[in-house]
Amino acid sequence: MLGIDEKAARHTWSAAAVLLLLLTIYVIRGTLIVFVIALLLAYLLYPLMDLIDRRLTARTRAPALALTFLFVIGVVGGFGAVIGSAVAVQADNLAKAGPALLQRIRQEPSTSVRPVKSIKDQIAVAIEGQVKQHYDQIVSFIPRASLQLLSISANLIYIVIIPILSFFILKDGRQIRDSFIDMLDSGSREKAEDTLLDVHTLLLQYMRALLFLCLATLVSFSIGLSLLGVPYSLLLASIAFPLEFVPLVGPLSAAAVIIAVTAFSGYPHVLWVVLFLGIYRIFQDYLLSPHLMSKGVELHPLLVIFGVFAGGEIGGVAGIFLSVPTLALMRLLYHRFRKSRVTLRQPVTIA
């Protein structure tokens, strides 16, 4: 009809629909990121909730959910009561020492006239030289950083919204999944159930592994930096803990902060801190992380780097945080699609 190929027209409309979907996702990416973070938080709490739910006889998940959130709030509050006071004292001391430290660095003699005897001295000289060179930029950055923190505080409402969204996801997740499956035809339901089960398992494994990696960083940095006599050790470990949730960029930022604070506070053994951070990173990346992460979650480093940069361009810090699970999900869906295509192409043999 009218010289239009029906098959070509169908493919054109399918491509247009996909492009429209991608454009819609990009436009509402901010809202989607909030819901995805709430989903990951729900998967972080799911094992505990499921354990409590199995011990209860209630028909709904509401009691198990309430106990889960109360338990988590109690653990966080207890941690804050035990460790938070020491961290707050160290943070206050560092804030008070900051201006005097910058002034002392600026007034010290140039590093070019001081003898350099070891690698440790070379590292200290290099760091100090960069601070001296960019002293004015550092000082002018402080008020700008304060203004940025004030602008970020406008998004603190998400601290309340995300747990609420996670509560509803945990409460009604099964009903949402069943409603979605009921919308499909009978031939696609089994494939959809298998795919959703794989996605469920992947996200559970990823969030469990990520939590253990963050806790391992907190404990290792607290003990290691304290044994080395590093000033503000608990504060630095507390900074490294949440940054470990952000792939690649978070650990690098934590290491930079620890080295900078250690060097500028007058600590005499900066090289030992650098060696400790390097050894721990090798241990985590090549021993601990592969042990915790399943084969379905592990990604090639080049793919992770690409995802981190792409996620940062699309969604900032939240995009970087979501880059690894998004790539892992895309990999899983690709393998499921490829497996289904291979199954369809296999010839049917008649006995």
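Residues numbered from 1 in each chain as written. Predicted model: local features only at pLDDT ≥ 70, side-chain atom pairs only at ≥ 80, totals over all residues. Heavy atoms only, no water.

Asks: Just give me the short version of the overall build of the protein, but keep the residues and values in it.
Replies: Counting its regular elements, the protein contains eleven helices and zero strands. Starting at the N terminus and walking to the C terminus, you meet the elements of the protein as α-α-α-α-α-α-α-α-α-α-α. Within the protein, contacts between residues at least 6 apart in sequence are counted, and of these 71% link residues at least 24 apart. (Helix = DSSP H or I, 4+ residues; strand = E, 2+ residues; numbered from the N terminus. Contact = heavy atoms within 4.5 Å.)

Asks: Explain the packing of aromatic side chains to me, using residue names and the numbers behind them.
Replies: Each aromatic ring pair is described using two quantities: the centre-to-centre distance and the angle formed by the ring planes. Summed over the entire model, instances satisfying the criterion amount to six aromatic pairs. Taking the centre distance of 6.0 Å and the plane angle of 85° together, the rings of F241 and F245 count as edge-to-face. Through a chain of ring-to-ring contacts, the aromatic side chains of F221, F276, Y280 and F283 assemble into a single cluster. We note R29 situated over the ring of Y26; from NZ or CZ to the ring centre the distance is 4.2 Å. (Phe/Tyr/Trp six-rings, centres within 6.5 Å; stacked < 30°, edge-to-face > 60°. Lys NZ or Arg CZ within 6 Å of the ring centre and 35° of its normal.)

Asks: Quick one: what's the story with the nonpolar core, residue by residue and with numbers?
Replies: In terms of nonpolar packing, the biggest core is built from 48 residues, with F221, L225, L236, I258, V273 and L277 touching the most fellow members. Counting only elements with at least two residues in this core, the list comes to α2 (29-55), α7 (186-227), α8 (233-243), α9 (249-264), α10 (270-292) and α11 (301-345). When residues of this core are assigned to their parent elements, the largest contribution, 13 residues, is made by α7. Ignoring any residue separated from it by four or fewer positions in sequence, one finds L236 in contact with L225, V230, P231, V257, I258, V261 and T262. A42, A64, F69 and L170 belong to the second-largest nonpolar core, a separate cluster that totals nine residues. (Core = buried A, V, L, I, M, F, W, Y, C linked by side-chain atoms within 4.5 Å. Buried < 20%, exposed > 50% of the residue type's maximum accessible area, 1.4 Å probe, protein only.)

Asks: Which residues make up the side chain of Q284, and what values go with them?
Replies: Topologically, Q284 is positioned in helix α10. Looking at Q284, its side chain comes within polar contact range of the side chain of E244, at 3.4 Å. A distance of 2.4 Å separates the side chain of Q284 from the side chain of R281, its partner in a polar contact. (Polar contact = N/O pair within 3.5 Å; in protein donor to acceptor, adjacent residues only side chain to side chain.)

Asks: Describe the packing of α9 against α10, and please don't skip the residues or the numbers.
Replies: For any two helices packed against each other, one specifies the crossing angle of their axes together with the interaxial distance. Viewed as axis vectors pointing N to C, α9 and α10 meet at an angle of 165°, and their least axial separation amounts to 9 Å. In terms of orientation, α9 and α10 fall into the roughly antiparallel class. As for the relative orientation of α9 and α10, their crossing is right-handed in sense. Counting all contacts with α9, which are made through P251, A255, I258, I259, T262 and A263, the residues of α10 involved are V270, V273, V274, L277 and R281. (Axes fitted to C-alpha atoms, helices over the stretch in contact; angles between N-to-C directions. Parallel < 35°, antiparallel > 145°, perpendicular 65-115°, else oblique. Left-handed = near helix turned anticlockwise from the far one by under 90°.)

Asks: I'd like a description of the pattern of salt bridges, backed by residues and values.
Replies: Pairs can form between side chains of opposite charge whenever their charged atoms are close. Counted under the stated rule, the structure contains six salt bridges. Salt-bridge contacts for D50 lead to R54; the nearest nitrogen and oxygen are separated by 2.9 Å. Separated by four residues within a single helix, D50 and R54 lie in helix α2, roughly one turn from each other. The partner of D178 in a salt bridge is R177, with the nearest N and O atoms 3.2 Å apart. With a relative accessible area of 35%, D178 lands in the partly exposed category. Residue classification places R177 among the partly exposed residues on the basis of a relative accessible area of 41%. (Salt bridge = Lys/Arg side-chain N within 4 Å of Asp/Glu carboxyl O.)

Asks: An account of the packing of α2 against α7 is needed here, citing residue identities and associated values.
Replies: With their axes 9 Å apart at the nearest point, α2 and α7 run at an angle of 80° to one another. When the axes of α2 and α7 are compared, the pair comes out roughly perpendicular. Facing α2, whose interface residues are L39, L40, Y43, L44, Y46 and P47, α7 presents H200, L203, L204, M207 and L211. Within the contact of α2 with α7, the residues separate by chemical class into ten nonpolar, one polar and no charged. (Nonpolar A, V, L, I, M, F, W, Y, C, P; charged D, E, K, R; others polar.)

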